[in-house]
Amino acid sequence: MSDKQYDSVLVGYCEEPRYYEEQLSSWSVKFKVAELQEMIDKFATSVNEQGQGGNVYVKLFFSKNGKPCCSVFDPNSAAAQAKRESKAQAAAAAPTPVAETDDLPF
């Protein structure tokens with residue numbers, strides 16, 4: 001078993017991709033109303049005082065065996081929380097810029 005932690009949840013397989021002039025053009029995914037509501041309830045990011053946030057991040061990708069898939073970012077997952085903690089520690093460890101003052105000796 002792998003110890004790798006993921007910050008997203010597999011939603012499922014998508015429709016087959018469409019190609020235009022032998023180049024990947026697009027592919028689509030469809031959600032039912034109940035699935036959308038569940039994603040909003042479980043996977044929406046928190047909203048701050050300015051009203052920013054409340055996003056649901058969906059990623060379309062190809063699986064290892066070449067099937068088109070869809071996943072949704074889970075901000076409550078252990079991997080996402082660990083990533084936020086390491087980012088906060090890195091920001092706390094970064095040196096703070098020295099403030100400029102007008103009382104220079106020269």
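Residues numbered from 1 in each chain as written. Predicted model: local features only at pLDDT ≥ 70, side-chain atom pairs only at ≥ 80, totals over all residues. Heavy atoms only, no water.

A. Highlighting the pattern of salt bridges. Overall, the coordinates contain one salt bridge when judged by the stated rule. With a closest N to O distance of 3.0 Å, Lys-42 and Glu-38 form a salt bridge. Pair noted here: Lys-42 and Glu-38 are both in helix 1 (residues 33–43), with a separation of four residues, about one helical turn. On the accessibility criterion, Lys-42 (45% relative accessible area) is partly exposed. By relative accessible area, Glu-38 is classed as partly exposed at 39%. (Salt bridge = Lys/Arg side-chain N within 4 Å of Asp/Glu carboxyl O. Helix = DSSP H or I, 4+ residues; strand = E, 2+ residues; numbered from the N terminus. Buried < 20%, exposed > 50% of the residue type's maximum accessible area, 1.4 Å probe, protein only.)

B. Here's a closer look at the sheet that holds strand 1 (residues 8–13). The strand order across the open sheet built from three strands is 1-5-4, with neighbouring strands paired in antiparallel fashion. Edge positions in the open sheet fall to strand 1 and strand 4 (58–62), since each of these has one partner strand only. Neighbour-to-neighbour, the strand axes of the sheet open up by a mean angle of 30 degrees, direction not taken into account. In terms of strand pairing, strand 4 meets strand 5 (residues 68–73) through five bridges, oriented antiparallel. Paired with Val-58 across the two strands is Val-72, which belongs to strand 5. (Pairing = 2+ DSSP bridges. Axes fitted to C-alpha atoms, helices over the stretch in contact; angles between N-to-C directions.)

C. Region of interest: a nonpolar patch on the surface. The grouping of Ile-40, Val-56, Val-58 and Leu-60 at the surface amounts to a nonpolar patch, some 280 Å² of accessible area in total. For Val-56, the location among the structural elements is in the loop between helix 1 and strand 4. (Patch = residues over 30% accessible without salt bridge, like charges linked within 9 Å, V, L, I, M, F, W, Y side chains within 5 Å. Areas by Shrake-Rupley, 256 points an atom, 1.4 Å probe, with all protein chains shown as cover.)

D. Representation of the packing of aromatic side chains. Scanning the model with the defined rule gives two aromatic pairs in all. Judged by centre distance (4.7 Å) and plane angle (50 degrees), the ring pair of Trp-27 and Phe-62 falls under tilted. Residue Trp-27 is found in the loop between strand 3 (23–26) and helix 1, and its partner Phe-62 is found in strand 4; the two are separated by 35 residues along the sequence. Residue Trp-27 is classed as buried on the basis of its relative accessible area of 16%. The partly exposed category is assigned to Phe-62, whose relative accessible area is 35%. (Phe/Tyr/Trp six-rings, centres within 6.5 Å; stacked < 30°, edge-to-face > 60°.)

E. Spotlight on the environment of Ala-79. Structurally, the position occupied by Ala-79 is in helix 2 (residues 78–93). Counting along the chain gives 74 residues from Ala-79 to Gln-5, while the straight-line C-alpha distance between them is 5.4 Å. Among all residues touching Ala-79, those that are not within four sequence positions of it are Gln-5, Tyr-6 and Asp-7. (Contact = heavy atoms within 4.5 Å.)

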